[in-house]
Amino acid sequence: MKPKIDYSIYLVTDRDLMSTETLEEAVEQSIKGGCTLVQLREKDCSSLDFYKTAVKVKEITDRYNVPLLINDRLDIALAVDAAGVHVGQSDIPAKVVRKILGKDKIIGVSTGNVEDAIKAQEDGADYIGVGAMYTTGTKKDADHTSMEELKKIRENVTIPIVVIGGINKENIIDFKNTGIDGLAIVSAIIAQKDILKSTSEIKKVFNNL
């Protein structure tokens, strides 16, 4: 059976930015601070290293009962029995991903406009990641999504929306009354000296929207 997901504080990992010695430590500190969902994103490592990292990170997320999603890699998600995957517009279509993973796994799709958002919902996505909302150093080629477009997307889809791209404690307030379900955050959590505290502060701001 598909788990019920709390999308509110969604950590996206980046080992190049992390302030801790290990990714497992960064993930655990974030979960202790209130992170509700973790996406493991590994851009520059071998399949074996990705798998080994996923196994270690899943031990942490399982311990705290927090779902683990894998970025792009269906094979890794299947190999470690992750809660699901997140795919982009240039990855395998969500409809095909659903056939491979089955009905009980979570599928997220990156979108930046209404058309892509509607298609993701029709293809069976459980949620969409909308952005980049602000300029971000983690994805230099990311297209910008306006607040106006975000609101149009919210009007046109019923599945949860998680915003991503340059989100931090200071600009969360911009999302008041947009109807989003969560914040997908990279550097504002994982690059901070005190990951637990940073996560906790972000969660507090979001909960007060």
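Up top is the structure these notes are about.
A brief report on the enclosed structure follows. (Residues numbered from 1 in each chain as written. Predicted model: local features only at pLDDT ≥ 70, side-chain atom pairs only at ≥ 80, totals over all residues. Heavy atoms only, no water.)

Considering the overall build of the protein chain
Basically, it comes down to this: Where helices and strands are cited, they refer to DSSP runs of H or I of at least four residues and of E of at least two residues respectively, numbered from the N terminus. C-alpha atoms define the radius of gyration in this analysis, and the globule rule sets the expected value at 2.2 Å times the number of residues to the power 0.38. Residue exposure (1.4 Å probe, protein chains only): buried if accessible area is under 20% of the type maximum, exposed if over 50%, otherwise partly exposed. Method for areas: the Shrake-Rupley scheme with a 1.4 Å probe, in which residue coverage is limited to the protein chains shown. For the charge count, each Lys or Arg is scored as positive and each Asp or Glu as negative, with His and the chain ends excluded. Note that the charge is assigned to NZ on lysines, CZ on arginines, CG on aspartates and CD on glutamates.
Of regular secondary structure, the protein chain possesses eight helices and eight strands. A compact globule built from 209 residues should have a C-alpha radius of gyration of about 17 Å, and the protein chain, at 16 Å, falls within 12% of that. Counting only C-alpha atoms and orienting by the principal axes, one finds that the protein chain spans roughly 40 × 40 × 35 Å. The buried share of the protein chain, taken over its 209 residues, is 51%. Of the roughly 10,200 Å² of accessible surface on the protein chain, 48% is carried by carbon and sulfur atoms. Within the protein chain, one finds 28 positive and 32 negative side-chain charges whose respective centroids are separated by 3 Å.

Let's talk about the state of the cysteines
Rule in force here: Cysteine sulfur atoms that come within 2.5 Å of each other are treated as a disulfide pair.
With the rule as written, the count across this model stands at zero disulfides. The thiol of Cys 35 is unpaired, and the distance to the nearest cysteine sulfur, on Cys 45, comes to 20 Å. Given a relative accessible area of 4%, Cys 35 falls into the buried group.

Some words on the sheet that holds strand E3 (residues 68–71)
Operational definition: Two strands qualify as a pair provided that DSSP identifies no fewer than 2 bridges between them. Helix axes are fitted only over the stretch in contact, all axes being lines through C-alpha atoms; the angle between N-to-C directions runs from 0 to 180 degrees.
Taking strand neighbours around the barrel as the criterion, the eight strands line up as E1-E2-E3-E4-E5-E6-E7-E8 in a closed arrangement whose pairing is parallel. When the angles between neighbouring strand axes are averaged without regard to direction, this sheet yields 25°. The sheet contact formed by strand E1 (residues 9–12) and strand E8 (residues 182–185) spans three bridges and is parallel. Within E8, the position partnered with Ile 9 by the bridge is Leu 183.

Focus: unusual backbone geometry
Of note, the amide linkage connecting Gly 131 to Ala 132 takes the cis form, showing an omega dihedral of 10°. As for its placement among the helices and strands, Ala 132 is situated in the loop between strand E6 (127–130) and helix H6 (147–156). Residue Asp 81 is not a glycine yet carries a positive backbone phi of 55°. On the secondary structure map, Asp 81 appears in the loop between helix H3 (74–80) and strand E4 (84–87). Residue Asp 81 is classed as partly exposed on the basis of its relative accessible area of 47%. A positive phi angle, near 65°, is found at Asn 177, a position not held by glycine. Mapped onto the elements of the fold, Asn 177 is located in the loop between strand E7 (161–164) and E8.

Comments concerning the nonpolar core
Counted only if it meets this: The nonpolar core is taken to be a set of buried Ala, Val, Leu, Ile, Met, Phe, Trp, Tyr and Cys residues, with the residues joined through side-chain atoms within 4.5 Å. Contact between two residues is taken to exist if any of their heavy atoms lie within 4.5 Å; hydrogens are not considered.
Counting 67 residues, the largest nonpolar core has Ile 70, Ile 128, Ile 161, Val 163 and Leu 183 as its most contacted members. When residues no more than four places from it in sequence are discounted, the contact partners of Val 163 are Val 130, Met 133, Leu 150, Phe 175, Ile 180, Gly 182, Leu 183 and Ala 184.

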